[in-house]
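Listed here are the chains, written in short residue letters.
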Amino acid sequence: MSRCVVGGTVLAMVALWVFGCGGGAPEIQLDSGEKMTLKHKVVQDLAYRGKNFVTVNVAGFARPITIEQEVSSSTDSVYADGACVVSFTFDKYSEVTYSGGQAIFNDDKEKMIVGESLWLRLKPDGNIDEWRGLEGVRSRDAQGWSLRESLVMAVAGSVPPMPVEPVGVGDTWTGTLSMPMEGPYGTVTYRITNTYELEGIAMKKGFRCARIAVTSDIMADGSGGDPSGGVEWKMLISGDGKGKVFFAIDEGYVVTSKEETDVDVETTTRRGREEPKTEYSSAKGESNIVLIQ
């Protein structure tokens, strides 16, 4: 849940919400073969705090980015097949880029995002069925991609799908997230496949939680160009991630989670009749969030 070059969008925005703070939780033993049902439940007025670190590497130069946010979250509806309706409001947001030893604060983005809300209907596998909101977010992110769509994808990634059937330790299930990202002269479509595995039960922040391991496969491609400048481009993105989610079994919502993500980007550009030029970049990120209310 930025998901630098587009890789930064995956890491800084998508991974923005692939939650944080796992490990160190006391274990509760399950009986051999014991199964449990994991489901989202209707709940109002949760609050989460997140902190995310991204390092973008372009042409040998590293650019660290820190993003912090607080959001209010509600699960408004949960359907029998696992689909759900969720809503989020950005209560706090800050973004700092470090360049040449200096901290550059993005105050314009903070003013634009804080107070904005988003409504999402998610399919049983976690993919986006319908969304609306963020009307005040009209700019683009640092890479020229729609900031509004980046936030939508990031928030959707914060709601892990739950398994259709009861699961025991070692059982797995999958979720998908796919969305086109509009830029000034083209589109890149992301496809993220997450595999979840129930590792056990642990206490976390006073909640009896399912401890869930997550592995992510990130792919994206796109093309575009500036007709007025005679420029065409193609982009390929690949990456992976791994992390932990602690999901409150009785309450039906995420308590904490954490993911580390690694993305490589290949961009091929042709100017007029020149030979195509291919450039490579990468981004690494760590995303953390924790329930505070």
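The shown structure was predicted, so the numbers you read here are calculated from the model rather than taken from an experiment.

What counts, and where the lines are drawn
- Residues numbered from 1 in each chain as written.
- Predicted model: local features only at pLDDT ≥ 70, side-chain atom pairs only at ≥ 80, totals over all residues.
- Heavy atoms only, no water.
- Helix = DSSP H or I, 4+ residues; strand = E, 2+ residues; numbered from the N terminus.
- Buried < 20%, exposed > 50% of the residue type's maximum accessible area, 1.4 Å probe, protein only.
- Pairing = 2+ DSSP bridges.
- Phe/Tyr/Trp six-rings, centres within 6.5 Å; stacked < 30°, edge-to-face > 60°.
- Lys, Arg positive; Asp, Glu negative; His and termini not counted.
- Salt bridge = Lys/Arg side-chain N within 4 Å of Asp/Glu carboxyl O.
- Contact = heavy atoms within 4.5 Å.
- Polar contact = N/O pair within 3.5 Å; in protein donor to acceptor, adjacent residues only side chain to side chain.
- Core = buried A, V, L, I, M, F, W, Y, C linked by side-chain atoms within 4.5 Å.
- pLDDT = per-residue confidence, 0-100.

### Quick notes on the overall build of the protein chain
(1) Moving on: Regarding its fold elements, the protein chain presents 3 helices and 13 strands.
(2) Moving on: Of all 293 residues assigned to the protein chain, the portion counted as buried reaches 50%.

### Side note on unusual backbone geometry
(1) Moving on: If you check the backbone angles, Asp-45 has positive phi at about 60° while not being a glycine.
(2) Moving on: Along the polypeptide, Asp-45 turns up in strand β2 (residues 43-58).
(3) Moving on: Backbone geometry at Lys-205 places phi at a positive 55°, although glycine is not the residue there.
(4) Moving on: Within the secondary structure, Lys-205 is located in the loop between β9 (186-204) and β10 (207-226).

### Side note on the pairing of strand β3 (residues 61-78)
(1) Moving on: Across 14 bridges, β2 lies against β3 in antiparallel orientation. Residue pairing in the sheet places Gly-50 in a bridge with Gln-69 of β3.
(2) Moving on: The turn joining β2 and β3, which pair antiparallel and follow one another in sequence, is formed by 2 residues; a positive phi near 55° is taken by Ala-59.
(3) Moving on: Sheet topology places β3 next to strand β4 (residues 84-99); 13 bridges connect them, and they run antiparallel.

### Some remarks on the packing of aromatic side chains
(1) Moving on: With the rule as written, the count across this model stands at 2 aromatic pairs.
(2) Moving on: Taken together, a centroid distance of 5.7 Å and an interplanar angle of 15° make the contact between Trp-173 and Tyr-196 stacked. In this pair, Trp-173 sits in strand β8 (residues 172-183) while Tyr-196 sits in strand β9, placing the two residues 23 residues apart along the sequence.
(3) Moving on: The buried category is assigned to Trp-173, whose relative accessible area is 9%.
(4) Moving on: Each ring, one from Phe-207 and one from Tyr-253, has its centre 6.0 Å from the other, and the planes form 70°; the classification is edge-to-face. Residue Phe-207 is located in strand β10, and its partner Tyr-253 is located in strand β12 (residues 253-271); the two are separated by 46 residues in the primary sequence. The pair formed by Phe-207 and Tyr-253 is uniform in burial state, with each residue classed as buried.

### Here we look at the side chain of Asp-226
(1) Moving on: By the secondary structure assignment, Asp-226 is in strand β10.
(2) Moving on: Buried within the structure, Asp-226 lacks any salt-bridge partner; its nearest side chain of opposite charge belongs to Arg-271, at an N-O separation of 7.7 Å.

### Here's the deal with the environment of Ser-74
(1) Moving on: Mapped onto the fold, Ser-74 is located in strand β3.
(2) Moving on: With a relative accessible area of 8%, Ser-74 lands in the buried category.
(3) Moving on: Through-space distance from the C-alpha of Ser-74 to that of Gln-44 is 4.4 Å; in sequence the pair is 30 residues apart.
(4) Moving on: Every residue in contact with Ser-74, bar those within four places of it in the chain, is listed here: Val-43, Gln-44, Asp-45, Val-85, Val-86 and Ser-87.
(5) Moving on: Engagement of the side chain of Ser-74 in a polar contact is seen with the backbone nitrogen of Asp-45, the distance being 3.1 Å.

### Topic: the pairing of strand β13 (residues 277-291)
(1) Moving on: Pairing between β2 and β13: 11 bridges, direction antiparallel. Note that in β13 the partner of Asn-52 across the bridge is Ser-287.
(2) Moving on: Sheet topology note: the β12/β13 ladder contains 14 bridges and is antiparallel. Along β13, the bridge assignment pairs Thr-269 with Lys-277.
(3) Moving on: The hairpin formed by β12 and β13 contains 5 residues between the paired strands, and Gly-272 there has a positive phi angle of roughly 60°.

### Side note on the nonpolar core
(1) Moving on: Counting 65 residues, the largest nonpolar core has Leu-38, Tyr-48, Leu-120, Leu-122, Ile-128, Ile-212 and Ile-237 as the members making the most contacts within it.
(2) Moving on: Those residues in contact with Ile-128 that sit more than four places away from it in its chain are Leu-120, Arg-121, Leu-122, Lys-123, Val-152, Ala-156, Leu-177 and Met-179.

### Let's talk about the environment of Glu-165
(1) Moving on: On the secondary structure map, Glu-165 appears in the loop between α3 (147-156) and β8.
(2) Moving on: Judged by its relative accessible area of 54%, Glu-165 falls in the exposed class.
(3) Moving on: C-alpha of Glu-165 to C-alpha of Lys-39: the two residues are 126 residues apart in sequence and 9.8 Å apart in space.

### What to know about the confidence of the model for the protein chain
(1) Moving on: Residues with a pLDDT of 70 or more make up 87% of the protein chain, whose mean pLDDT is 86.
(2) Moving on: Across residues 1-23 the pLDDT falls below 50, and counting only partners more than four positions away or on other chains, this stretch makes 135 contacts in the model.

### Regarding the environment of Ile-292
(1) Moving on: Tracing the backbone through its elements, the reader meets Ile-292 in the segment after β13.
(2) Moving on: For Ile-292, a relative accessible area of 37% gives the class partly exposed.
(3) Moving on: Here the alpha-carbon distance between Ile-292 and Gly-50, two residues 242 residues apart in the chain, equals 10.0 Å.
(4) Moving on: Contact partners of Ile-292, with chain neighbours within four places excluded, come to Ala-47, Tyr-48, Arg-49 and Glu-70.

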